[in-house]
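# Coordinate inspection notes
In case you want the letters, here they are:
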Amino acid sequence: MAEVGEIIEGCRLPVLRRNQDNEDEWPLAEILSVKDISGRKLFYVHYIDFNKRLDEWVTHERLDLKKIQFPKKEAKTPTKNGLPGSRPGSPEREVPASAQASGKTLPIPVQITLRFNLPKEREAIPGGEPDQPLSSSSCLQPNHRSTKRKVEVVSPATPVPSETAPASVFPQNGSARRAVAAQPGRKRKSNCLGTDEDSQDSSDGIPSAPRMTGSLVSDRSHDDIVTRMKNIVCIELGRHRLKPWYFSPYPQELTTLPVLYLCEFCLKYGRSLKCLQRHLTKCDLRHPPGNEIYRKGTISFFEIDGRKNKEKESTEDYNVACILTLPPYQRRGYGKLLIEFSYELSKVEGKTGTPEKPLSDLGLLSYRSYWSQTILEILMGLKSESGERPQITINEISEITSIKKEDVISTLQYLNLINYYKGQYILTLSEDIVDGHERAMLKRLLRIDSKCLHFTPKDWSKRGKW
């Protein structure tokens, strides 16, 4: 067993932590830094395949020294300019001995998808013709034969439902939106509406929680070990004290303070409460430095425009670059309110929008929940005409909601609504999805009122010099 003094940066070993169920677990972690405080060593660890927000300082009592893995010495590898690499080494996955002995190359992972083995009359699935029917139904006729699934390798360009094909709704017992029978052999997702940072969207009784992995999982794509570590212990903002999740580029001398004080109006920072109080006597800001374009009750939105803005017009249809809900106000619906507001602006501009990619894990949960609720609201509100099934196309959904077509399709696939039946695509709404959506919407109290929005889009074709 290794000694505490032998632990260095780059070592990997199991570390004791409490999970979301308040149970002890020993996930594998990497030592990112070691420091000595009053003769006691502390170790900054990153849990492998976990989100960086869970990184923390731990004592040696929480380390399993029996299973420690020391970093391997990394051979100097030339780069494009011929200079050797300098990134610190870390333990690598072991290659199976059989593969090493035989000299065989391990297989490269391939992308696979599940495809139905359809009968002959259903094998030719049109890929995008405007007249190809795409039906959206809340009831599927259960008298057809259950199809079998097979896994096969396909190209990434697998056809998706046509964007202009009409979607129709099957009425069932006078209702045009509830599903009594789902497609045989296919399970439905009942909790797909409540996975959001806002607890009010959790309609299935299971508390919403961000995933432990995702786009903010720590990787070794850069050499700067400093930015991989939290450097601020605590900040005081207004009447709240917050523990930061990630690295913050504050001056080095402030990182040793137990608390960093911020002005809640202009975000100027100070090293002590006295400095903050002195600043507040001179700070005259009481709202963001911009024009108020929305107000309803206690909710206001301001348009901040200046010479230092990085991007005025997105060439990729981005309608938002970043949304942020501070920890004291999370799980109250403000995140989804910000998302809804961004799409209201897109509606005024007369175009579709999408968030800047890649999304963070919390951002993905919030957007996926918003897209699901918005699209389901449209589908469940369809009315039948002349006794026929109501129909709608993906293009029409996109135009009504200002959600980009790619996001509409991905959401329908995520909700597992798209099916192929009797030569056409249909959308099936199960009882679980309908009930879950209704419960979620009852809890969604914060909504944007378009009548309170006073916003004039800028004509960037007439822009002049700044």
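No experiment lies behind these values; they were computed from the predicted model shown. (Residues numbered from 1 in each chain as written. Predicted model: local features only at pLDDT ≥ 70, side-chain atom pairs only at ≥ 80, totals over all residues. Heavy atoms only, no water.)

## Looking at the pairing of strand β5 (residues 40-47)
Let me state the cut-off plainly: Think of it in three bands: residues with accessible area under 20% of the maximum for their type are buried, residues over 50% are exposed, and the middle band is partly exposed, with areas taken using a 1.4 Å probe on protein chains only. Each helix is a run of H or I in the DSSP string that is no shorter than four residues. Each strand is a run of E no shorter than two, and both are numbered from the N terminus. Pairing between strands is defined by DSSP: at least two bridges between the two strands are required.
The buried fraction of β5 amounts to six of the eight residues, a majority that puts the element mostly inside the structure. Two strands pair when backbone bridges link them, and strand β4 (residues 28-37) and β5 are joined in this way by eight bridges, in the antiparallel orientation. Each residue of the ladder has a partner; that of Val-34, found in β5, is Phe-43. Hairpin connection between β4 and β5: a loop of two residues separates the two successive antiparallel strands, and Ser-38 in this loop has a positive phi of roughly 55 degrees. Bridge count between β5 and strand β6 (residues 56-58): three bridges; the pairing is antiparallel. Its bridge partner being in β6, Tyr-44 is matched across the sheet by Trp-57.

## Overview of the sheet that holds strand β11 (residues 240-242)
Spatial ordering of the open sheet is given by β11-β10-β12-β13, a layout of four strands whose pairing is mixed. Each of the sheet's edge strands pairs with one partner strand only, and the pair in question is β11 and β13 (269-270). Judged from the three bridges that link them, strand β10 (residues 235-237) and β11 form a sheet pairing that is antiparallel. Residue pairing across strands places Ile-235 opposite Leu-242, the latter belonging to β11.

## Quick notes on the environment of Glu-356
Our working definition: For this analysis, residues touch if any pair of their heavy atoms sits within 4.5 Å.
Within the secondary structure, Glu-356 sits in the loop between β17 (354-355) and α4 (361-380). Put simply, Glu-356 and Cys-322 are 34 residues apart on the chain and 7.6 Å apart in space, counted from C-alpha to C-alpha. When neighbours within four sequence positions are excluded, Glu-356 is seen to be in contact with Tyr-318, Val-320 and Ala-321.

## Notes on the confidence of the model for the protein
Test applied: Note on scores: pLDDT gives the predictor's confidence for each residue, bounded by 0 and 100.
Confidence in the prediction of the protein, expressed as mean pLDDT, is 74, and 64% of residues score 70 or more. The least confident element of the protein is strand β7 (residues 112-117), whose mean pLDDT is 30; the most confident is strand β12 (residues 260-262), at 97. Residue range residues 84-159 is modelled with pLDDT below 50. Its contacts to residues more than four positions away, or to other chains, number 153 contacts. Counted against residues more than four places away or in other chains, residues 168-208, with its pLDDT under 50, gives 133 contacts.

## Observations concerning the packing of aromatic side chains
Counted only if it meets this: Side-chain rings of Phe, Tyr and Trp (the six-membered ring for Trp) are treated as a pair once their centres are within 6.5 Å; stacked means planes under 30 degrees apart, edge-to-face means over 60, and tilted covers the remaining angles. Two conditions define a charge located above a ring, namely a distance within 6 Å from the ring centre to NZ of Lys or CZ of Arg, and an angle within 35 degrees of the ring normal.
Going through the model one piece at a time under the given rule, you end up with nine aromatic pairs. For the ring pair Tyr-44 and Trp-57, a centre distance of 5.1 Å and an interplane angle of 65 degrees mean the geometry is edge-to-face. A residue pair is termed long-range when its members are at least 10 positions apart, and Tyr-44 in strand β5 and Trp-57 in strand β6 qualify at 13 residues. Given a relative accessible area of 28%, Trp-57 falls into the partly exposed group. Ring geometry for Tyr-343 and Tyr-370: centres 5.4 Å apart, planes at 15 degrees, overall stacked. Highlighted residues: Tyr-343 in helix α3 (residues 334-349) and Tyr-370 in helix α4, separated in sequence by 27 residues. By way of ring pairs, the aromatic residues Tyr-294, Phe-301 and Phe-341 are connected into one cluster. Geometry around Phe-265 places Arg-286 over its ring, the cationic atom sitting 4.4 Å from the centre. Sitting above the plane of the Tyr-414 ring, Arg-368 keeps its charged end 4.2 Å from the centroid.

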